[in-house]
Amino acid sequence: MGRNLARNIARHGYVTAVHNRTDAKTRALVEEFGDEGTFVPGYTTQEFVDSLSSPRTIIIMVKAGAPTDAVIDELAPLLSEGDILVDGGNAHFLDTRRREAALREKGIHFAGVGVSGGEEGALLGPSIMPGGSEHAYATLGPVLEDIAVSVDGTPCATHVGPDGAGHFVKMVHNGIEYADMQLIAEAYDLLRHGLGRTPKQLAEVFTAWNSGDLESFLIEITARVLDKDDPTQEGVPLVDVVLDEAEQKGTGRWTVQTALDLGTPVSGIAEAVFARALSGHAEQRKAAQPVLPGPAGGAEGSGGFVEQADAEQFVDDVRAALYASKVVAYAQGFDMIRAGSQEYGWDVDPGAMATIWRGGCIIRAKFLDRIKDAYAKSPELPSLLLDPYFADAVAKGQEAWRRVVVHSVNAGIPAPGFSSALAYYDGLRRERSSAALVQGLRDLFGAHTYKRVDRDGSFHVEWSGDGSESQG
Ligand code: 6PG
């Protein structure tokens, strides 16, 4: 990704110094792509740093964690006050805050910059989420906005906020990416193993969905993956030979861990992370298969799931459930961005994040335009689900959504993303929640007190005494 980002920058006319700890890689970049722009190879860190004019701007693209610290430790002594050091990797935002504070003491501007779009995006135009100081952005911004992809003439790069804000938003982007992929996988599972549709037939279904409200990069590539045959065996779908254990590098897990600290219910992302974890417990799953029965009459394969006469209706129901669940996942992600922004004093503009996610990144989707519009109309929107367009879209889909969840339960095909999104929707909209009972229980066993609907203050019942209520 680093190599492609350097090529993208050089292709835009910027003289680009490049350095890799492996000489051969630096040399190969210049030899292979030297005609794309002006590259200045640096074969040692010192040579690389010396080749830059002051104040220097350096982008590092290395593995998050210890490797990033190692590179910073190597570079920092060679830098001068006013230089800008950019981390374009998937760093944890708390690491970015720590690094920014430490380098600020040395007069170095450290900017944590989220870059999405994979290797191809880095070359052809990623979505960029830059954090760091206004000062750093004044230098960096024009370059980043130049190399980012543009949608309707607007670059998919904007200053997110100080210190760790850019990496925080990138982390949430990845969390949403997990949730979105989980929901797509559930839709596939229900249609494949519930209705008995083949991967090729489902490729057509996803292609059709991609021309409606669900239009997005992830839906588009779902069709491609489902359409693909195993390159080593004729007529065997690739999806049938890929091991069903999802891996993760950690950004989804970080999103959920952070959300727990912020008290933000990102249940869609959490379900996605846990579903990946469950998929990876291969031994446990193998041991469970012969022991744990599914529902009587539950269907794996066609028949018994929905009447074949209703099959087309079911396909459309799944589309509606996918859209509604996706709106919930994004609503939760945007809630988390607001919570993080408040906690760390970043002043992140959610509408601007929707704007820069419209192109280049993995979650790019048509409906991000709607999210951008929702926040433009109402910057303080309490939840994306309350924007009139989304409220209406989800309300229209809710009967279908409920039918899909019921079918999945009856068939024994897990759809934790769909069902938890629906539970969140119901939890949000109901006038009274079951938490009143939780409060009663807490008061009984621990004298934790409760508040009342009709009076201010904290109250406690003398549970083991005369049963009267006292005010704390
Ligand atoms: C992006 C991607 C990128 C990475 C994924 C994969 O925005 O370009 O999100 O950062 O490929 O995070 O993550 P997992 O390996 O955890 O699925």
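Since the model is a prediction, treat every value here as computed from it, not as a measurement.

**Q** Requested: an account of the environment of Ala282, with residues and values cited.
**A** Following the sequence through the fold, Ala282 ends up in helix α14 (residues 282–288). For the pair formed by Ala282 and Phe206, sequence separation is 76 residues and the distance between their alpha carbons is 29 Å.

**Q** So what about the site of the ligand? Which residues, and what values?
**A** By nearness alone, 15 residues border the ligand, and Ser116, Asn174, Glu177, Tyr178 and Lys249 come closest of all. Between the ligand and Gly117, the relevant distance is 2.9 Å, taken from an oxygen atom to a main-chain nitrogen or oxygen of the residue. A distance of 2.9 Å separates an oxygen atom of the ligand from a polar atom in the side chain of Arg276. Counting residues per element, the shell around the ligand draws most heavily on helix α8 (residues 165–194), at 5 residues.

**Q** Residues and numbers for the pattern of salt bridges, please.
**A** If you walk through the whole model with that rule in mind, you get 28 salt bridges. Here Lys200 makes a salt bridge to Asp227, at a shortest N to O gap of 3.8 Å. Of this pair, Lys200 sits in helix α9 (residues 199–209) while Asp227 sits in helix α10 (residues 217–227), and the two are 27 residues apart along the sequence. Among the charged side chains, a salt-bridge network with shared partners connects Asp69, Asp87, Asp95, Arg98 and Arg99.

**Q** An account of unusual backbone geometry is needed here, citing residue identities and associated values.
**A** Between Ser54 and Pro55 the backbone carries a cis peptide bond, its omega angle lying at -10°. Along the polypeptide, Pro55 turns up in the loop between α3 (45–50) and β3 (57–60). Positive phi is not limited to glycine here, since Asp347 has a value of about 60°. Structurally, the position occupied by Asp347 is in the loop between α15 (311–344) and α16 (350–356). Overall, the relative accessible area of 69% leaves Asp347 in the exposed class. For Thr449, which is not a glycine, the phi torsion comes out positive at approximately 65°.

**Q** Would you mind going over the sheet that holds β3 in detail, with residue names and values included?
**A** Across the sheet, 4 strands lie side by side as β3-β4-β5-β6; this open sheet has mixed pairing. Of all the strands in the sheet, the pair left with one neighbour each is β3 and β6 (127–130). On average, adjacent strands in this sheet sit at an angle of 25° to one another, irrespective of strand direction. Inspection of the sheet shows strand β5 (residues 109–116) paired to β6 by 4 bridges, in the antiparallel sense. Bridge pairing in β6 links Val113 to Pro130. Strands in contact with helix α4 (residues 66–75) are β3, β4 (84–87) and β5; relative to β3, the strand with the most contacts, it is inclined by about 155°.

**Q** Tell me about the packing of helix α18 (residues 388–411) against helix α19 (residues 416–429), residues and numbers included.
**A** As a packed pair, α18 and α19 sit with axes 10 Å apart at the nearest point and diverge in direction by 130°. Considered as vectors, α18 and α19 are oriented oblique to each other. Seen from above, α18 lies across α19 with left-handed handedness. Across the interface between the two elements, Val394, Ala395, Gln398, Trp401, Arg402, Val404 and Val405 of α18 pack against Phe418, Ser419, Ala421, Leu422, Tyr425, Asp426 and Arg429 of α19. The residue inventory of the contact of α18 with α19, partitioned by class, reads 9 nonpolar, 2 polar and 3 charged.

**Q** Quick one: what's the story with helix α7 (residues 134–147), residue by residue and with numbers?
**A** Along its 14 residues, α7 runs 19 Å from first to last C-alpha, staying within 8% of the 20 Å computed at 1.5 Å per residue. Of all bends in α7, the biggest is about 50°, found at Leu140, and the proline Pro142 comes one to four residues later. For α7, the set of buried residues is Ala136, Tyr137, Leu140, Gly141, Leu144 and Ile147. On its buried side, α7 packs onto α1 (2–11), β3, β4, β5 and β6.

**Q** Describe the nonpolar core, with residues and values.
**A** If you look at the biggest cluster of nonpolar residues, it comprises 91 residues, and the most contacted ones within it are Trp209, Trp357, Ile371, Leu384, Trp401 and Phe418. For this core, the element with the most residues is α15, which contributes 17 residues. With near-sequence residues (within four places) excluded, Ile371 lies in contact with Tyr330, Phe334, Ala354, Leu384 and Phe390. Ile128, Leu140, Ile147 and Ala157 belong to the second-largest nonpolar core, a separate cluster that totals 15 residues.

**Q** Can you break down the packing of α8 against helix α13 (residues 267–280) residue by residue, with the values?
**A** It is the contact of α8 with α13, at a shortest axis distance of 8 Å, that shows an interaxial angle of 70°. Here α13 runs roughly perpendicular to α8, going by the angle between their axes. Two packed elements cross with a definite hand, and for α8 against α13 that hand is left-handed. For the pair formed by α8 and α13, the contact residues are Gly175, Ile176, Tyr178, Ala179, Met181 and Gln182 on the first element and Gly268, Ile269, Ala272, Val273, Ala275 and Arg276 on the second. Residues belonging to the contact of α8 with α13 are distributed by class as follows: 8 nonpolar, 3 polar and 1 charged.

**Q** Any chance you could break down α13 for me, citing the residues and the numbers?
**A** Over its 14 residues, α13 runs 20 Å from end to end, which matches the ideal 20 Å to within 8%, given 1.5 Å per residue. Of all the residues in α13, the buried ones are Gly268, Ile269, Ala270, Ala272, Val273, Ala275, Arg276 and Ser279.

**Q** Run through the packing of aromatic side chains, naming residues and quoting values.
**A** Following the criterion strictly, the structure yields 14 aromatic pairs and no others. Measuring from centroid to centroid gives 4.7 Å for Tyr330 and Phe367, while their planes differ by 80°, and the two rings are edge-to-face. Of this pair, Tyr330 sits in helix α15 while Phe367 sits in helix α17 (residues 367–377), and the two are 37 residues apart along the sequence. Given a relative accessible area of 0%, Tyr330 falls into the buried group. Relative to Phe390, the ring of Tyr389 has its centre 5.0 Å away and its plane inclined at 75°; by these criteria the two rings are edge-to-face. Classification of Tyr389 by relative accessible area gives partly exposed; the value is 23%. The side chain of Arg370 reaches across the aromatic face of Tyr389, ending 4.0 Å from its centre. Over the aromatic face of Phe459 sits the side chain of Arg452, whose NZ or CZ is 5.9 Å from the ring centroid.

Rules used in this analysis
Residues numbered from 1 in each chain as written. Predicted model: local features only at pLDDT ≥ 70, side-chain atom pairs only at ≥ 80, totals over all residues. Heavy atoms only, no water. Helix = DSSP H or I, 4+ residues; strand = E, 2+ residues; numbered from the N terminus. Near = heavy atom within 4 Å. Polar contact = N/O pair within 3.5 Å; in protein donor to acceptor, adjacent residues only side chain to side chain. Salt bridge = Lys/Arg side-chain N within 4 Å of Asp/Glu carboxyl O. Buried < 20%, exposed > 50% of the residue type's maximum accessible area, 1.4 Å probe, protein only. Pairing = 2+ DSSP bridges. Axes fitted to C-alpha atoms, helices over the stretch in contact; angles between N-to-C directions. Contact = heavy atoms within 4.5 Å. Parallel < 35°, antiparallel > 145°, perpendicular 65-115°, else oblique. Left-handed = near helix turned anticlockwise from the far one by under 90°. Nonpolar A, V, L, I, M, F, W, Y, C, P; charged D, E, K, R; others polar. Expected span 1.5 Å × (residues − 1). Bend = angle between axes of the 7 residues up to and from the residue. Core = buried A, V, L, I, M, F, W, Y, C linked by side-chain atoms within 4.5 Å. Phe/Tyr/Trp six-rings, centres within 6.5 Å; stacked < 30°, edge-to-face > 60°. Lys NZ or Arg CZ within 6 Å of the ring centre and 35° of its normal.

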